[in-house]
Amino acid sequence: MTFEEAKQRVEFLTKTLERWNYEYYVLDNSTATDAEFDRYMNELILIEQTYPDLKYKNSPTQRVGGQVASEFKKIPHKRLMLSLSNVYNEDDMRDFDRKVREATGKSEITYMGEVKIDGLGMSLIYDHGELQYCVTRGDGNVGEDVTQNVITIRSIPLHVEEKRPFEVRGEVYMPKKSLDRLNAEREKAGEPLFANARNAAAGSIRQLDSSIVANRGLDAFWYYLVNARELDEHIHSKSLDYLDTLGFRTNHERRILHGVEECIAYINEMTKKRDSLDYDIDGLVFKVDDIDEYESIGYTAKSPKWATAYKFPPKEVSTKLLDIVLSVGRTGRITPNAVLEPVRVAGSLVQRATLNNEDFIKEKGLMIGDTVVLRKAADVIPEVVRPLIDRRDGSEKPFVMSENCPECGQPLTKVQGLHYCLNPDCPSRKIEGMIHFASRDAMDIDGMGDAVVEELFAEGFLHDIPDIYRLYNHGQEIKELDGWGEKAIDNMFHAIENSKKQSLERLLFGLGIKEIGLKTAKTLARKFKNLDAFFGLSTEDYLKVPDIGPVAASSLFAYFNEPKNRGMLETLRHEGVNFEYTGADMVDVNNYFYGKTVVLTGTLQSRTREEMTELLEGIGAKVSGSVSKKTDIVIAGPGAGSKLAKAQELGIQVMDEEEANSHLSNLRG
Ligand code: IVH
């Protein structure tokens, strides 16, 4: 075969294989046998081996996986991936509809009703008729490039007829069938089970080895053409039909609904149908069908006002409370947990539920051995609602709070109704501290989850946070442990090494300082820029920071003045952990306010002035207290006075809060 012949053959095979994929995975109607499919695929693999130049990025051969990544590249979203507001009942739904009618001046709105798939939000970017990349939602602003994993989902088109650039959003999910199969396999192999389809989908997409993903039986539905109008689509339902014709798998439970009464009828109908679908849904989504209305209806900072999600009411089931066990958090707080006879509720397998504290158990009157009512709304942690008293048979036992730490045996201290283990060397606290340090919102060390930290602690390789960065000394020993392959160890070491570069806010949050959550850590990092600054700060210095109250301030002061902590941070520095704030790099530089100097004046309605300042600074704007020639924009609320006058005098752009918010949310949608 000449090169030219091979090229033509590759084109033919690619087209045919992709058509068969489409027929099989999207239309559910195959016209080729498995054997024919395999024969074509093998031929294509062979040609690609002979002529590596003919191996295209979007070749169907890539769908079988095999690429192993060391990490996922971060990709900022061109338009932020928004979430949806929620409605929980008919009244909420009518309220939503009323607001839309008021905003549009129309007496009846046409909506598109859709199912809300319980999976993982995903964006696909196409250009020149080719899939370019697939990005996770991430924090809505920056996601991860998971292309190699997502293209193993055969229903996703790699080539499309539309040549203009476009972005499609949808949900990658795990069908119920795939979850059952996967969990059965895991049970056999003695591996922990996935609690629900969403966790299983998320866990699969984050696999570094794409051939694992290829075998997980994931699928996807696509429900939003982001730049519809650029493709001359002005009606959402029509844009979904267009996605159908391009070969995307859209969900056909969708329905055009005229007015809110039809929306409510759709809710009632889908509530009944829900369990018979072969994928989990946690609600329904209602979107205004006329895209041209979107701008005038507008956005809040987090979500569009032209769409909302109806959440199904929480499901209740009953199960047995087998035991109550105590766990120790990283701050030493003791939490009683219900050990339950495993039950499925709202798509999840539940066998544990927090009971918060001793008083919670007393107030509910729970006894060990009780049959209890358990409630779980999708997305929400399972909750023990009440005991079923008339099911008692006399064998139930009261719960007695222990006086000692379940891990280290030290006496517990009770503060405001909560129990604490104050032993700083308590193993549980250390373990929880390291798990937190490595967690996704903190240093994001892939492969260092609960089980790994617990195992390496038990083996004596980890005692405290700095040991994470000295773990390489134990590479050989870890290799000898059960279940640790060379690749897994390499990946973990790689992730550890990469985490050294994380920006200051992640480190600050990861240290697990009492009262310091992610948001406060961000504020602090942005303000003080370098960890070294913290060693010299007083409680008063902290109190000047917006959102920091006296408790957090004294907790910070105590932390940075404790010699042990200082010693530990020195070790981290020595191991090369970054102490500086580099977070600004993550900002989408295309946002409206990036690099501009903004002055706030008057009363703001939707957030406090501090919150607005933080938000603007977070996306790369400079917020200044006074208007000068250097000012770019003045955001003026009611009651604005001299600053507004000065801005007008200097000819500086003035906008009201609503306009500012719409720019802030335009970043997103
Ligand atoms: S529309 C601006 N439609 O739910 C439009 N979202 O709580 C944004 N989701 O982040 C999304 N099914 O990941 C939309 N039919 C559907 C959906 C859906 C599931 C997810 C999506 C989104 C989240 C919002």
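Structural data are supplied above this passage.
Residues numbered from 1 in each chain as written. Predicted model: local features only at pLDDT ≥ 70, side-chain atom pairs only at ≥ 80, totals over all residues. Heavy atoms only, no water.

S.K.: Quick question: what am I supposed to make of the pairing of strand β23 (residues 633-636) here?
M.R.: Because side chains alternate across β23, one face comprises the buried residues Ile 633 and Ile 635, and the other comprises Val 634 and Ala 636, equally buried. Bridge count for strand β21 (residues 597-601) against β23 is four bridges, and the pairing is parallel. Paired with Leu 600 across the strands is Ile 635, a residue of β23. Between β23 and its parallel partner strand β24 (residues 653-655), the chain crosses via helix α24 (residues 642-650), and the hand of that crossover is right-handed. (Buried < 20%, exposed > 50% of the residue type's maximum accessible area, 1.4 Å probe, protein only. Helix = DSSP H or I, 4+ residues; strand = E, 2+ residues; numbered from the N terminus. Pairing = 2+ DSSP bridges. Right-handed = clockwise from strand over helix to strand, strands pointing away.)

S.K.: I would appreciate a short explanation of helix α5 (residues 176-188) in the present structure.
M.R.: The periodicity of an α-helix, 3.6 residues per turn, causes residues three or four positions apart to be oriented the same way. The end-to-end C-alpha distance of α5 is 18 Å, a good match for the 18 Å that 13 residues give at a rise of 1.5 Å each. Those residues of α5 not exposed but buried are Ser 178, Leu 179, Leu 182, Asn 183 and Arg 186. Each buried residue of α5 sits inside an arc of 125 degrees when the element is viewed along its axis, so together they form one side. Set apart from the buried face of α5 by more than 90 degrees, the exposed residues are Lys 177, Asp 180, Glu 187 and Lys 188. Residues of α5 that are buried make contact with α6 (197-205). Gly 190 occupies a position one or two residues after α5 and carries a positive phi of about 70 degrees. (Expected span 1.5 Å × (residues − 1). Arc of directions from axis to C-beta. Contact = heavy atoms within 4.5 Å.)

S.K.: What am I meant to see in the packing of helix α3 (residues 90-104) against helix α9 (residues 259-273) here?
M.R.: For the pair α3 and α9, interaxial distance at closest approach is 10 Å and the crossing angle is 145 degrees. Here the hand of the crossing between α3 and α9 comes out right-handed. Of the residues in α9, those in contact with Glu 90, Met 93, Arg 94 and Asp 97 of α3 are Val 260, Glu 261, Cys 263, Ile 264 and Ile 267. Grouping the amino acids of the contact of α3 with α9 by side-chain chemistry returns five nonpolar, no polar and four charged. (Axes fitted to C-alpha atoms, helices over the stretch in contact; angles between N-to-C directions. Left-handed = near helix turned anticlockwise from the far one by under 90°. Nonpolar A, V, L, I, M, F, W, Y, C, P; charged D, E, K, R; others polar.)

S.K.: What is the right way to look at the packing of helix α12 (residues 427-438) against helix α13 (residues 450-458) in this model?
M.R.: Any two packed helices are characterised by how steeply their axes cross, that is the angle between the axes, and by the distance between the axes. Running from N to C, α12 and α13 point in directions that differ by 135 degrees, and their axes come no closer than 9 Å. Viewed along their axes, α12 and α13 adopt a mutual orientation that is oblique. The handedness of the crossing between α12 and α13 is right-handed. Along its contact with α12, which presents Pro 427, Lys 430, Ile 431, Met 434 and Ile 435, the element α13 presents Asp 450, Val 453, Glu 454 and Phe 457. Grouping the amino acids of the contact of α12 with α13 by side-chain chemistry returns six nonpolar, no polar and three charged. (Parallel < 35°, antiparallel > 145°, perpendicular 65-115°, else oblique.)

S.K.: Would you explain the sheet that holds strand β4 (residues 120-127) in this entry?
M.R.: Across a sheet, strands are paired by hydrogen bonds formed along the backbone, either parallel or antiparallel in direction. Strand order in the open sheet made by the four strands is β5-β4-β7-β8, with antiparallel pairing throughout. Unpaired on one side and paired on the other, β5 (130-136) and β8 (219-225) mark the two borders of the sheet. With direction set aside, neighbouring strand axes in the sheet form an average angle of 30 degrees. Of the strand pairs in this sheet, β4 and β5 are connected by six bridges, and their pairing is antiparallel. Bridged to Tyr 126 within β5 is Leu 131.

S.K.: Before we go on, may I ask you to explain the pattern of salt bridges in this structure?
M.R.: Pairs can form between side chains of opposite charge whenever their charged atoms are close. Counted according to the given criterion, the structure contains 39 salt bridges. With its nearest N and O atoms 3.5 Å apart, the salt bridge here joins Glu 358 to Lys 414. Of this pair, Glu 358 sits in helix α11 (residues 358-364) while Lys 414 sits in strand β19 (residues 413-415), and the two are 56 residues apart along the sequence. Residue class for Lys 414 comes out partly exposed when judged on its relative accessible area of 48%. Where Asp 467 meets Arg 470, a salt bridge forms, and the shortest distance between an N and an O atom there is 2.9 Å. Taken together, the shared-partner salt bridges connect Lys 74, Glu 144, Arg 206 and Asp 446 into one network. (Salt bridge = Lys/Arg side-chain N within 4 Å of Asp/Glu carboxyl O.)

S.K.: Mind showing me how you'd approach the site of the ligand here?
M.R.: Around the ligand sit 14 residues in total, of which Glu 114, Ile 117, Glu 171, Tyr 223 and Lys 287 are the nearest. Contact between the ligand and Ile 117: a nitrogen atom at 3.1 Å from a main-chain N or O atom of the residue. Burial of the ligand by the protein amounts to 90% of the accessible area it has alone, namely 530 Å². Secondary structure elements with two or more residues in the shell around the ligand: β3 (110-117) and β10 (281-288). If you tally residues by element for the shell around the ligand, the top one is β3, at four residues. Across the shell around the ligand, the residue classes break down as eight nonpolar, one polar and five charged. (Near = heavy atom within 4 Å. Polar contact = N/O pair within 3.5 Å; in protein donor to acceptor, adjacent residues only side chain to side chain. Areas by Shrake-Rupley, 256 points an atom, 1.4 Å probe, with all protein chains shown as cover.)

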